[in-house]
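Overview (structure and organization)
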Amino acid sequence: MSPQNTSQPGHNPEPSDLALVPFVSVDHMMSLVHRVGIERFLLELSEYIESDFKRWELFDKTPRIASHSKEGVIELMPTSDGEDYGFKYVNGHPKNTKEGLQTVTAFGLLADVATGYPVLLTEMTVLTALRTAATSATVAKHLAPKGSRTMAMIGNGAQSEFQAFAFRAICGVDKLRLYDIDPRATEKVVRNLSGLGFDIVACGSPEESMEGAEIITTCTADKQLATILTDNMVGNGVHINAVGGDCPGKTELHKDILLRSEIFVEFPPQTRVEGEIQQLPGDHPVTEMWRVMSGEAPGRTSAGQITLFDSVGFAIEDFSALRYVRDKLKDGDEFILLDMLADPDDPRDLFGMLQRAKG
Ligand code: NAD
């Protein structure tokens, strides 16, 4: 689709370019992913994420602002590097799928710090799945055993295929062992990924899924302290990519696994409240991933070590994704222009502009 101006001629005849904000709908995002190619998209996004992790200290950082209810959570995730400002609106409602709705939906905005004007408004449901997968695989590139090719995937919902593609593109993982309490979810992943070069085994239990796996991804949705993995299920030397525990009272791993693992996190003040480590005392040692990526802290230090990425999703990853999409739009046409900002000829005559619109 070509960019199209949805402004209302007559009300404000010639809004300046700055007043028209590119909007990327779900349709546009899908076109963009297909134009770029999903694996190249994930690889390039991974580069944006890693480069932003390497300049971590520059960013405004705050734990996301969460509004909890019995059924789920609605969150705002803002950050800025001083040049651009971004935020994401995202929900997490595990019960939604039973009603035919997504567990996670999102949209986001990037703005120019110099003017405060938005420069991009975009869907982020698809983009969140891409950025979560790209982050998981970028982290695994630093922590997983070298040469890993097999990944157990426990929880085969909306995020799964994205995780599979990211781990192949970024880490070279091409053997997947799938398990979900709902076999229809596993069947869906098998269907979506068949014929695409993956070696896939659908498993009947979490234990079976972990046989021979160097990487274990848990990506389940349940608003409770769940125990998807118990201590005796996890062998030494694996890398755990724990994606689904991302809210107070919502975890996936038994505490004893955490006590055996070297734990890596995004932003400790957020992860201590939302991640697997909410089960541990507040001073339990963790390593921030930006330090590993910057070479300031070691990643995996021995073959027998269990490395655990306690992923909750941090605003800087969304910021990287927003930056990436903005840059890609420069040479594409996957957006429309929204007349989103008032643009009176005289900036102080906002009321005059409103009055003139009457006629
Ligand atoms: P989804 O609802 O589409 O899929 C979740 C799957 O988990 C379902 O198929 C369900 O049957 C399965 N499941 C539930 N309990 C299970 C169990 N005990 N054992 C095995 N499978 C089980 O959700 P989604 O969009 O794929 O998201 C998955 C999780 O990831 C959610 O909890 C979400 O909040 C979280 N998430 C985290 C990040 C992050 O950055 N860390 C980003 C996006 C989503």
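Data block above holds the structure.
This report concerns the structure included in the present document. (Residues numbered from 1 in each chain as written. Predicted model: local features only at pLDDT ≥ 70, side-chain atom pairs only at ≥ 80, totals over all residues. Heavy atoms only, no water.)

The next point concerns the site of the ligand. If you check the shell around the ligand, you find 25 residues, and the closest are Thr-103, Asp-180, Thr-220, Lys-250 and Ser-311. Between the ligand and the protein, one listed contact pairs an oxygen atom with a side-chain N or O atom of Asp-246 at 2.9 Å. When the free accessible area of the ligand is taken as 860 Å², the share hidden by the protein chains comes to 88%. For the shell around the ligand, the residue count by class is ten nonpolar, ten polar and five charged. (Near = heavy atom within 4 Å. Polar contact = N/O pair within 3.5 Å; in protein donor to acceptor, adjacent residues only side chain to side chain. Areas by Shrake-Rupley, 256 points an atom, 1.4 Å probe, with all protein chains shown as cover. Nonpolar A, V, L, I, M, F, W, Y, C, P; charged D, E, K, R; others polar.)

Strand order in the open sheet formed by seven strands is 2-3-4-5-6-1-17, with mixed pairing between adjacent strands. If you trace the sheet from one side to the other, it starts and ends with strand 2 (65-68) and strand 17 (336-339), each paired once. Across the sheet, the mean angle from the axis of one strand to that of its neighbour is 20°, orientation sign disregarded. Note that strand 1 (residues 20-24) and strand 6 (residues 118-123) share two bridges and pair parallel. The partner of Val-24 across the bridge, within strand 6, is Thr-122. Against the sheet, helix 1 (residues 26-36) engages strand 1, strand 6 and strand 17, with an angle of about 70° to strand 1. In this fold helix 3 (residues 125-143) packs onto strand 3 (73-80), strand 4 (84-92), strand 5 (106-112) and strand 6, with an angle of close to 90° to the strand it touches most, strand 6. (Pairing = 2+ DSSP bridges. Helix = DSSP H or I, 4+ residues; strand = E, 2+ residues; numbered from the N terminus. Axes fitted to C-alpha atoms, helices over the stretch in contact; angles between N-to-C directions. Contact = heavy atoms within 4.5 Å.)

Considering all chains together, one arrives at 28 salt bridges under this definition. Salt-bridge contacts for Glu-274 lead to Arg-64; the nearest nitrogen and oxygen are separated by 2.6 Å. On the criterion of sequence distance, the pair formed by Glu-274 in helix 8 (residues 268-274) and Arg-64 in the loop between helix 2 (38-53) and strand 2 is long-range, its members being 210 residues apart. Both residues of the pair, Glu-274 and Arg-64, belong to the buried class. Between Glu-288 and Arg-291 there is a salt bridge, with the nearest N and O atoms lying 3.3 Å from each other. Residue class for Glu-288 comes out buried when judged on its relative accessible area of 18%. One salt-bridge network, held together by shared partners, links Asp-52, Arg-55, Asp-81 and Arg-323. (Salt bridge = Lys/Arg side-chain N within 4 Å of Asp/Glu carboxyl O. Buried < 20%, exposed > 50% of the residue type's maximum accessible area, 1.4 Å probe, protein only.)

Here strand 3 runs beside strand 4; their pairing, made up of eight bridges, is antiparallel. Paired with Thr-79 across the two strands is Gly-86, which belongs to strand 4. Linking two consecutive strands that pair antiparallel, namely strand 3 and strand 4, is a turn of three residues; a positive phi of about 95° is found at Gly-82 within it. Where strand 4 meets strand 5, seven bridges bridge the pair, whose relative direction is antiparallel. In the strand pairing of strand 5, Lys-88 is matched with Gly-108.

Next up on the list: the sheet that holds strand 9 (residues 199-202). Here we have eight strands laid out as an open sheet, ordered 9-8-7-10-12-16-14-15, and parallel in their pairing. In this open sheet, the two strands that pair with only one neighbour each are strand 9 and strand 15 (287-288). As defined by bridge partners, strand 14 (residues 261-265) adjoins strand 15 across two bridges and the pair is classed as parallel. Residue pairing across strands places Phe-264 opposite Thr-287, the latter belonging to strand 15. Packed onto the sheet, helix 5 (residues 183-193) meets strand 8 (175-179) and strand 9 and runs at close to 155° relative to strand 8.

Moving on to the nonpolar core. Membership of the largest hydrophobic core comes to 61 residues, with the highest contact counts inside it found for Phe-41, Leu-45, Leu-127, Leu-130, Leu-176, Met-289 and Val-325. Here the element with the most residues in this core is helix 3; it accounts for nine residues. Those residues in contact with Leu-127, other than ones at most four positions away along the chain, are Met-29, Phe-41, Thr-122, Ala-321 and Val-325. Grouped together as the second largest cluster of nonpolar side chains are 21 residues, Ala-213, Ile-263, Val-265 and Ile-277 included. (Core = buried A, V, L, I, M, F, W, Y, C linked by side-chain atoms within 4.5 Å.)

Aromatic rings in a pair are described by how distant their centres are and how their planes are angled relative to each other. Inspection of the entire model under this criterion finds eight aromatic pairs. Arranged with centres 5.2 Å apart and planes meeting at 75°, the rings of Tyr-48 and Tyr-324 form a pair that is edge-to-face. In this pair, Tyr-48 is assigned in helix 2 and Tyr-324 in helix 10 (residues 315-329), connecting sequence segments 276 residues apart. Linked through ring pairs, Phe-53, Trp-56, Phe-267 and Phe-314 together constitute an aromatic cluster. Above the plane of the ring of Phe-198 lies Arg-168, whose end atom (NZ or CZ) is 4.0 Å from the centre. (Phe/Tyr/Trp six-rings, centres within 6.5 Å; stacked < 30°, edge-to-face > 60°. Lys NZ or Arg CZ within 6 Å of the ring centre and 35° of its normal.)

Turning our eyes to something else, we now look at the side chain of Ser-209. Relative to the elements of secondary structure, Ser-209 occurs in helix 6 (residues 206-209). With residues up to four places along the chain from it excluded, the contact list for Ser-209 reads Ala-152, Ile-154, Arg-177, Leu-178, Tyr-179 and Cys-203.

Right, let's talk about the layout of surface pockets for a bit. Of the pockets and cavities examined, the second largest pocket occupies roughly 270 Å³. Lining the second largest pocket we find Met-30, Val-33, His-34, Gly-37, Ile-38, Val-126, Ala-158, Glu-161, Phe-162 and Phe-165. Mapped onto the lining of the second largest pocket, the elements with two or more residues apiece are helix 1 and helix 4 (160-171). Taken together, the residues that form the lining of the second largest pocket break down as seven nonpolar, two polar and one charged. (1 Å grid on protein atoms, 1.4 Å probe; cavity = no way out; pocket = protein on both sides within 12 Å on 5 of 7 lines; lining within 4 Å. Points joined across faces, edges and corners; volume = space filled by probe spheres on them.)

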